[in-house]
Every structure is written in structure tokens, then in C-alpha cells.
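Structural characterization, general
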Amino acid sequence: MRIVTPDDFIDVYHKATQRGLQFIMSKLNPSRLSRTKSAFSDSAISSSNWWIVPKVRERWNYKITGSTDIDYESHTIDKYFLGQNNLRMLSIGSGICSHEMRFAESDVFGNITCIDIADNLLAQAEKIAKEKNITNMEFVVGDIWKLPIEKESYDVIFFHSSLHHFDKISTFINDKIKEWLKPAGLLIINEYVGPNRLQFSNTQKANINEGLKIIPDRYRQRFQSKWLKNKFYGSGYMRMVVADPSECIESAEILPIIHTGFEVLEEKAYGGNLLMNVLKDIAHNYLEDNPETNAVLDTLFDLEDKYLENQDSDFLFGVYQKKLSKI
């Protein structure tokens, strides 16, 4: 475990530049919930993370669905819900609800309930849903642990990049998620399932830095800065806890716990072990479709694929069915 690293100071500097001193001061709030909410306080803040790169998203599609043009939502609907209707979905930690809206537009779901502690994100999601004339969604601000949810009331429970923010994973999945799902109901996740608190191994960090070495200087310029990204040190444990106490708190326990109470219908690993951290803060350099950046990305993709031959993926799409109780 690394308590503090050089990346902690670099990240604080760039966060202060991009989001202002007020954002940095919000991390000194003694309330864990307030610090967590501040991490998602402004959906309009620009960033430069791996998920904004079109070719990266195409790579995810291919690894999950077998086609660069088919996203996981369409894949899921066609494979598991075709011909069904009036299903009920519960989405937990849904944020701006862009993925939930794709499910809502499919005519499969009669109701999709989106729950999050970030009221500003849900308000924005509700506005977008109204603009799109989506009427089968509802938006609930609150703590999922405290909300009254009826037993066996949902056909699907869905997490997109939110389950890794929960602690007490065993209790949450076995005593809550399973209870809220109907018999044979589905749990669907698209999640980070890598090391807790992003405490990566020395081997993984070394491979991330190998990725940085192959990138020309002009494509390593940090977002809204003249600095170049020359080395990856990783996140210190202290900054992880201070910045967002919920971040990756028990991420490594997610899959083992799910596997104890659910049947695996599908699991598709799509990496991220190297790409997430290589491209963090420099992803904006790869938004345009040009031969040079495409060549860099292809080399990085090959490097990550080779790494994954002997390592578990940090990101995974999975569909699981609630195990039926034995009589």
C-alpha cells in the first residue's frame, strides 16, 4: 500500500487548475458522504479520461459484443429481453442515466427506477428524459441502504460504474440485491473490478509506464496544461480516501461475492489495466481520427492484450441470474 505518491500532488494541482480551489477545499469536509458527492458535483466539468476516446469505446464494444458498432445495451436487449415487455429495472448509482435511457427506449421496460445520491445529476437526467419524451423512467434521490424497496420487485438490477463505490459488498449483494430481484431475475454490471483503492501491483505500474514510453511527446500533453505526462506513479491510499471515500473501496470483492449467489450467464472482460492509466489526462489528444494517433492506440491495445494474457481484467461486463432457492 502506498500512502502518498507524486501523482497525488500532480492530480491535486491539475484539479485545482481545472475545478478551482473550492473543489479542493470540499475534500476537507469531515463528512464522508459530502466528499463522495463532491466528486460528482458538476457533470459539466470537462475531463480527459480513457472513456472519451472513440477507438477505446469501439474496443469495448468489440470485446463485449463482437462488433465495434454494437454497444452492450443493444447486445443485452437482443440476447436476454427480445420479445419481452413491461419489465422492471432498478439502476443503482445511475448518475446522468445515459445507459438507462438506452434501455428505456427499447420498449422492453415498463419502468426503470434510477437511484443516486447526486441530486444534480438526476435532475439533469430527468430533464434529458423529458426532452426525449421518455416516460417509463423515474428518478429517486437517496441512499439505497435507507430506501424502502419491496422484496422480489425487479426483473433486472443494473450497475454501470457504480457498484465499485459500495462497501459491505457481501451484505449488499447477498442480502439486498438478491432480495430485491424476482426469482430468476438478472443482475447486470459494467464495472471496475480491479484492486481496491486502485492500489496496482508493481508489475502493472511498470507496464503502464511502458505504454507511456511509446507515445510521442506531442500526444502526452496533459489536459488544459503544458505539462507532459512522463511517468505513472499510481494513487496514494490517503488521497483515495480523502478525495472520494467510496472509490473502489471493495472492488476486488465484487466478482467473488457475485459468483457465490448468482449463475454466470455471461462475462466479458475488456481490459483497462493499462489503458485507463496511460490515457488519464491525455485522452483528449486521441479524439480525432488520424493515422498517427490511431497507430499509437493500436500499439497500446496490443500491449494491453499481451498483458491480459496472464492477468485478470480490471473492467468487466457481466450478466448473472439469481440462483433459485432450493426447497
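Just above sits the structure.
What you see is a predicted model, and the numbers here were worked out from it, not measured in a lab. Just so you know, the residues in each chain are numbered from 1, in the order the chain's sequence is written. Under the rules for a predicted model, residues below a pLDDT of 70 receive no local features and side-chain atom pairs below 80 are neither given nor counted, while totals for whole chains, interfaces and linings still include all residues. As a rule here, side-chain values cover all heavy atoms of the structure and leave hydrogens and water aside.

1. A look at helix α8 (residues 169–180)
Spanning 12 residues, α8 covers 15 Å between terminal C-alpha atoms, matching the ideal 16 Å at 1.5 Å per step. When α8 is considered as a whole, its buried residues turn out to be Ile169, Phe172, Ile173, Ile177 and Trp180. End-on, the buried residues of α8 take up no more than an arc of 95°, which puts them together on one face. Packing partners of the buried residues in α8 comprise β1 (87–92), β4 (154–160), β5 (181–192), α11 (254–261) and β6 (262–271). Each helix is a run of DSSP H or I of at least 4 residues and each strand a run of E of at least 2, with the numbering of both proceeding from the N terminus. Working rule for helices: expected span equals 1.5 Å times residues minus one. Only protein chains enter the calculation, and the probe is 1.4 Å; a residue is then buried if its accessible area is under 20% of its type maximum, exposed if over 50%, and partly exposed in between. Directions drawn from the helix axis to the C-beta atoms are what define this arc. Every residue pair with non-hydrogen atoms within 4.5 Å of one another is taken to be in contact.

2. Considerations on the state of the cysteines
Two cysteine sulfur atoms make up a disulfide if the distance between them is within 2.5 Å. Applying the stated criterion across every chain, the model contains zero disulfides. Here Cys114 is not cross-linked by a disulfide; its sulfur's nearest cysteine counterpart is in Cys97, at 3.6 Å.

3. Examining the packing of helix α9 (residues 202–213) against helix α13 (residues 291–308)
For helices, the axis comes from a line fit to the C-alpha atoms of the stretch in contact; other axes are also lines fit to C-alpha atoms, and the angle between any two N-to-C directions lies between 0 and 180 degrees. Where α9 meets α13, the axes come as close as 10 Å, and the angle between the chain directions of the two elements is 160°. Considering their axes alone, α9 and α13 lie roughly antiparallel with respect to each other. Between α9 and α13 lies a crossing of right-handed hand. Contacts between α9 and α13 pair Thr203, Gln204, Asn207, Glu210 and Gly211 from the former with Leu300, Leu303 and Tyr307 from the latter. Taken together, the residues of the contact of α9 with α13 sort by class into three nonpolar, four polar and one charged. Angles below 35 degrees are treated as roughly parallel, those above 145 as roughly antiparallel, those between 65 and 115 as roughly perpendicular, and all remaining angles as oblique. By the definition used in this description, the sense in which the near helix is turned from the far one sets the handedness, with an anticlockwise turn below a right angle giving left-handed and a clockwise turn giving right-handed. In the scheme used here, Gly and all other residues not listed as nonpolar or charged are polar, with Ala, Val, Leu, Ile, Met, Phe, Trp, Tyr, Cys and Pro taken as nonpolar and Asp, Glu, Lys and Arg as charged.

4. Here we look at the sheet that holds β6
One open sheet holds the seven strands; their spatial order is β3-β2-β1-β4-β5-β7-β6, and the pairing between them is mixed. The sheet is open, and its two borders are formed by β3 (137–141) and β6, each paired with just one other strand. The mean inter-strand angle of the sheet, taken between neighbouring strand axes irrespective of direction, is 15°. Any two strands are treated as partners once DSSP identifies two or more bridges connecting them. Pairing of β1 with strand β2 (residues 109–116) involves six bridges; the strand directions are parallel. Following the sheet pairing, Ser91 is matched in β2 by Cys114. Strands β1, β2, β4, β5, β6 and β7 (315–322) of the sheet are contacted by helix α5 (residues 72–81), whose axis makes an angle of about 160° with β5. Against the sheet, α11 touches β5, β6 and β7, its axis set at about 155° to β6.

5. Things to note about the nonpolar core
Among buried residues, those of type Ala, Val, Leu, Ile, Met, Phe, Trp, Tyr and Cys that are joined through side-chain atoms within 4.5 Å constitute a nonpolar core. Counting 56 residues, the largest nonpolar core has Trp50, Phe81, Phe109, Met137, Ile215, Leu279 and Tyr286 as its most contacted members. A total of five residues in this core trace back to one element, the largest contributor, which is α13. Setting aside residues no more than four positions away along its own chain, Tyr286 makes contact with Val53, Pro54, Ile215, Tyr219, Leu279, Thr293, Val296 and Leu297.

6. Quick look at the environment of Lys229
Turning to its location among the elements, Lys229 is positioned in the loop between α9 and α10 (237–243). Between the C-alpha atoms of Lys229 and Lys15, which are 214 residues apart in sequence, the distance is 15 Å. The residues touching Lys229, leaving out its near neighbours within four places in the chain, are Leu212, Arg220, Arg222, Asn277, Val278, Lys280 and Ile282. In this structure the side chain of Lys229 is engaged in a polar contact, spanning 2.9 Å, whose partner is the backbone oxygen of Lys280. Two N or O atoms form a polar contact when they lie within 3.5 Å of each other; inside protein one atom must be a possible hydrogen donor and the other a possible acceptor, and for residues adjacent in sequence the pair counts only when both atoms belong to side chains.

7. Focus: helix α7 (residues 119–131)
Between its terminal C-alpha atoms α7 stretches 18 Å, which fits the 18 Å expected from 13 residues at 1.5 Å a residue. Packed against the buried residues of α7 are α6 (98–104), β2 and β3. Trailing α7 by a residue or two, Asn133 shows a phi angle of about 60°, which is positive.

8. Structural notes on unusual backbone geometry
The backbone of Ser161 sits at a positive phi, close to 55°, despite the residue not being glycine. Inspection of the secondary structure assignment puts Ser161 in the loop between β4 and α8. Residue classification places Ser161 among the partly exposed residues on the basis of a relative accessible area of 34%. With a phi close to 75°, Asp281 is a non-glycine residue in the positive phi region.

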